[in-house]
Amino acid sequence: MLSRMTRRVVAPICCFLFASLIATLAPAGTVPDPTEQFRPFLAKVTTLLADPSLKALPKKEQSQRVIAVVRERFDFREMSKRVLGRQWRQLSSGQQGDFETLFTQLLQYAYVEKIDEYSGQKIEYTQQRIKGDRAEVQTKLVDSNRTIPVSYILLLHGDQWMAYDVVVEGVSLIRNYMEQFQQILTREG
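Bear in mind that the values here come from a model prediction, so they are computed numbers and not experimental data.

Chemist: Any chance you could break down the sheet that holds strand 2 (residues 134-142) for me, citing the residues and the numbers?
Modeler: Strand order in this open sheet of five strands is 1-2-3-4-5, and the pairing throughout is antiparallel. Whereas interior strands pair on both sides, the edge strands pair on one side only; in this sheet they are strand 1 (122-131) and strand 5 (171-172). Pairing geometry for strand 3 (residues 147-157) and strand 4 (residues 160-168), over eight bridges, is antiparallel. Looking at the pairing, Leu154 lines up with Ala163 of strand 4. Across the sheet, helix 2 (residues 34-50) lies against strand 1, strand 2, strand 3 and strand 4, angled at about 150° from strand 1, the strand it touches most.

In structure tokens:
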């Protein structure tokens, strides 16, 4: 029979081991942590942007290197679909693919000038929200002069969180382009 002192020591250890065992036996359908998946990706992007050899390249090559990394965690098909809204469903699969390619190129060249603006800002992770297969990872881009809130809106594909929108200082990239495309479609059909 265990002494009272031994039970006081053994009981918490057993509880800890049991809780650890339960944690490792979590169901296979457990949703992965979006921040933990996105953190190494953003570190990879900032490392690339801070690389002096990147800025020495011609603009076209800079943008190609950056977009190659961005493709790892950005769902350009979902972005394209959301930008066009209802009109997306009216396109054939070939037209959808063409639009996705052109929209990705638009983003690539629209933001290539921003590469030169990166000067070692740090990313702080503030919070995340998960609702079903959607999540938001909220961050702050911090340098000595200012702090810019940046949120990544994500969609779960299998066990991978993929971004389909970026909200900078409350302005959604998708909403911005969606409004522009809606004006064009309204005027020109």
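After that view of the structure, there is still more to cover.
Chemist: Provide a residue-level description of the side chain of Gln108, including the pertinent values.
Modeler: Within the element layout of this structure, Gln108 appears in helix 7 (residues 93-110). According to the relative accessible area criterion, Gln108 is buried, its value standing at 10%. Contacts of Gln108, omitting those with residues within four sequence positions, involve Ser63, Gln64 and Ile67.

Chemist: With reference to specific residues and values, describe the environment of Leu91.
Modeler: As for its position among the elements, Leu91 is in the loop between helix 6 (87-90) and helix 7. Note on Leu91: relative accessible area 26%, which makes it partly exposed. In this structure, Leu91 is in contact with Leu84 and Gln96, ignoring residues within four places of it in sequence.

Chemist: Would you mind going over the pattern of salt bridges in detail, with residue names and values included?
Modeler: Tallying each qualifying case throughout the model produces six salt bridges. We note a salt bridge from Glu36 to Arg39, for which the minimum N-O separation is 3.4 Å. With Glu36 and Arg39 both in helix 2 and three residues apart, the pair spans about one turn of that helix. For Glu136, the salt bridge identified is with Arg129, shortest N-O distance 2.2 Å.

Chemist: Let's hear about the pairing of strand 1: which residues, and what values?
Modeler: Here strand 1 runs beside strand 2; their pairing, made up of nine bridges, is antiparallel. Within the sheet, the bridge partner assigned to Lys122 lies in strand 2 and is Val142.

Chemist: Run through the environment of Gly97, naming residues and quoting values.
Modeler: Here Gly97 shows up in helix 7. You can call Gly97 partly exposed: its relative accessible area is 24%. For the pair Gly97 and Arg77, spaced 20 residues apart in sequence, the C-alpha separation works out to 8.0 Å.

Chemist: Describe a positive patch on the surface, listing the residues and the values that go with them.
Modeler: A cluster of like positive charges, contributed by Lys81, Arg86, Arg89 and Arg134, occupies part of the molecular surface. Relative to the assigned elements, Lys81 resides in helix 5 (residues 76-84). Judged by relative accessible area, Lys81 falls into the partly exposed class, the value being 40%.

Chemist: Got a sec to walk through helix 8 (residues 173-188)? Specific residues and values, please.
Modeler: Spanning 16 residues, helix 8 covers 23 Å between terminal C-alpha atoms, matching the ideal 22 Å at 1.5 Å per step. For helix 8, the set of buried residues is Leu173, Ile174, Tyr177 and Phe181. Each buried residue of helix 8 sits inside an arc of 80° when the element is viewed along its axis, so together they form one side. Of the exposed residues in helix 8, the ones pointing more than 90 degrees away from its buried face are Arg175, Thr186 and Arg187. Of the surrounding secondary structure, the elements contacted by the buried residues of helix 8 are helix 5, helix 7, strand 4 and strand 5. Sitting at the head of helix 8, Ser172 places a side-chain oxygen 3.3 Å from the backbone nitrogen of Ile174.

Chemist: Which residues make up the packing of helix 5 against helix 7, and what values go with them?
Modeler: For the pair helix 5 and helix 7, interaxial distance at closest approach is 9 Å and the crossing angle is 100°. Compared by their axis directions, helix 5 and helix 7 come out roughly perpendicular. Of the residues in helix 7, those touching helix 5 at Phe76, Arg77, Met79, Ser80, Val83 and Leu84 are Gln96, Gly97, Phe99, Glu100, Phe103, Thr104 and Leu107. The class makeup of the residues in the contact of helix 5 with helix 7 is seven nonpolar, four polar and two charged.

Calculation notes
- Residues numbered from 1 in each chain as written.
- Predicted model: local features only at pLDDT ≥ 70, side-chain atom pairs only at ≥ 80, totals over all residues.
- Heavy atoms only, no water.
- Pairing = 2+ DSSP bridges.
- Helix = DSSP H or I, 4+ residues; strand = E, 2+ residues; numbered from the N terminus.
- Contact = heavy atoms within 4.5 Å.
- Axes fitted to C-alpha atoms, helices over the stretch in contact; angles between N-to-C directions.
- Buried < 20%, exposed > 50% of the residue type's maximum accessible area, 1.4 Å probe, protein only.
- Salt bridge = Lys/Arg side-chain N within 4 Å of Asp/Glu carboxyl O.
- Patch = residues over 30% accessible without salt bridge, like charges linked within 9 Å, V, L, I, M, F, W, Y side chains within 5 Å.
- Areas by Shrake-Rupley, 256 points an atom, 1.4 Å probe, with all protein chains shown as cover.
- Lys, Arg positive; Asp, Glu negative; His and termini not counted.
- Charge placed at Lys NZ, Arg CZ, Asp CG, Glu CD.
- Expected span 1.5 Å × (residues − 1).
- Arc of directions from axis to C-beta.
- Polar contact = N/O pair within 3.5 Å; in protein donor to acceptor, adjacent residues only side chain to side chain.
- Parallel < 35°, antiparallel > 145°, perpendicular 65-115°, else oblique.
- Nonpolar A, V, L, I, M, F, W, Y, C, P; charged D, E, K, R; others polar.

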